Amino acid sequence: PDVEAQVYYWSVAQRFHDHGFGREVEWDVDLLDGYTWAGAPDASAIARLRWLLSHLRKARPDVVVTYGWGSSIARASIIFCLLTGTRILLYGDSTWQHPSLGWRRAARAVGLHFLTRVCTGAISTGVFNREFYLMYGMNPRSIWPGVCPADTGLFGQSRIDSGGAIRTDSQQ
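This structure is a prediction, so every number in the text was calculated from the model and none was measured.

Visitor: Quick one: what's the story with the state of the cysteines, residue by residue and with numbers?
Guide: If you walk through the whole model with that rule in mind, you get zero disulfides. Left unpaired, Cys 81 is separated from the closest cysteine sulfur, that of Cys 119, by 8.4 Å. Residue Cys 119 is classed as buried on the basis of its relative accessible area of 8%.

Visitor: Tell me about the packing of helix H1 (residues 45-59) against helix H2 (residues 72-84), residues and numbers included.
Guide: Think of two packed helices as two axes; the pair is described by the angle between the axes and how far apart they sit. Running from N to C, H1 and H2 cross one another at 45°; their axes reach a closest spacing of 11 Å. It follows that H1 is oblique to H2 by the angle criterion. At the point where H1 passes H2, the crossing takes the right-handed sense. On H2, the residues that touch Leu 49, Leu 52, Leu 53, Leu 56 and Arg 57 of H1 are Ile 73, Ala 76, Ser 77 and Phe 80. In the contact of H1 with H2, the residues fall into seven nonpolar, one polar and one charged.

Visitor: Describe the packing of aromatic side chains, with residues and values.
Guide: Under the counting rule described, the total for this entry stands at five aromatic pairs. The rings of Phe 132, Tyr 133 and Tyr 136 are connected pair by pair, giving a single aromatic cluster.

Thresholds, definitions, all that
Residues numbered from 1 in each chain as written. Predicted model: local features only at pLDDT ≥ 70, side-chain atom pairs only at ≥ 80, totals over all residues. Heavy atoms only, no water. Disulfide = S-S within 2.5 Å. Buried < 20%, exposed > 50% of the residue type's maximum accessible area, 1.4 Å probe, protein only. Axes fitted to C-alpha atoms, helices over the stretch in contact; angles between N-to-C directions. Helix = DSSP H or I, 4+ residues; strand = E, 2+ residues; numbered from the N terminus. Parallel < 35°, antiparallel > 145°, perpendicular 65-115°, else oblique. Left-handed = near helix turned anticlockwise from the far one by under 90°. Contact = heavy atoms within 4.5 Å. Nonpolar A, V, L, I, M, F, W, Y, C, P; charged D, E, K, R; others polar. Phe/Tyr/Trp six-rings, centres within 6.5 Å; stacked < 30°, edge-to-face > 60°.

Written out as structure tokens, the structure reads:
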């Protein structure tokens, strides 16, 4: 009850094209109800960055929980935290990554080793996720168990609508 949480979204699009699945994705359930959140304006990346930084400066958070490290909003939040001395917790679900080669692989490894050392810790969403953080040098005592809350029953009832979008039907 003593925690004040604020969630920031880089985008709050109700429908978008998922390049990984090669199709339109749309939700028929309200994903934004029940908690405090703010969404970046539908504008350029620079405008979104200014929006995020102004909100973080105003909020003056004690800790920032960032979902992963690869998205624009996560990277901007991490840089903000490094510049202001704000504590960072990583939260996410490690997925299989394409093995990069050469300088990209080395740069990614160096970056992740640096990140795991400057973060206060991480919230692990499973054994694979915990091992990911450990592999990049995070102190095991700084990794706390957590969950990645998804209603798998609801996802299992998904269907493809006539436009090719994957939809969930919350009435089923």
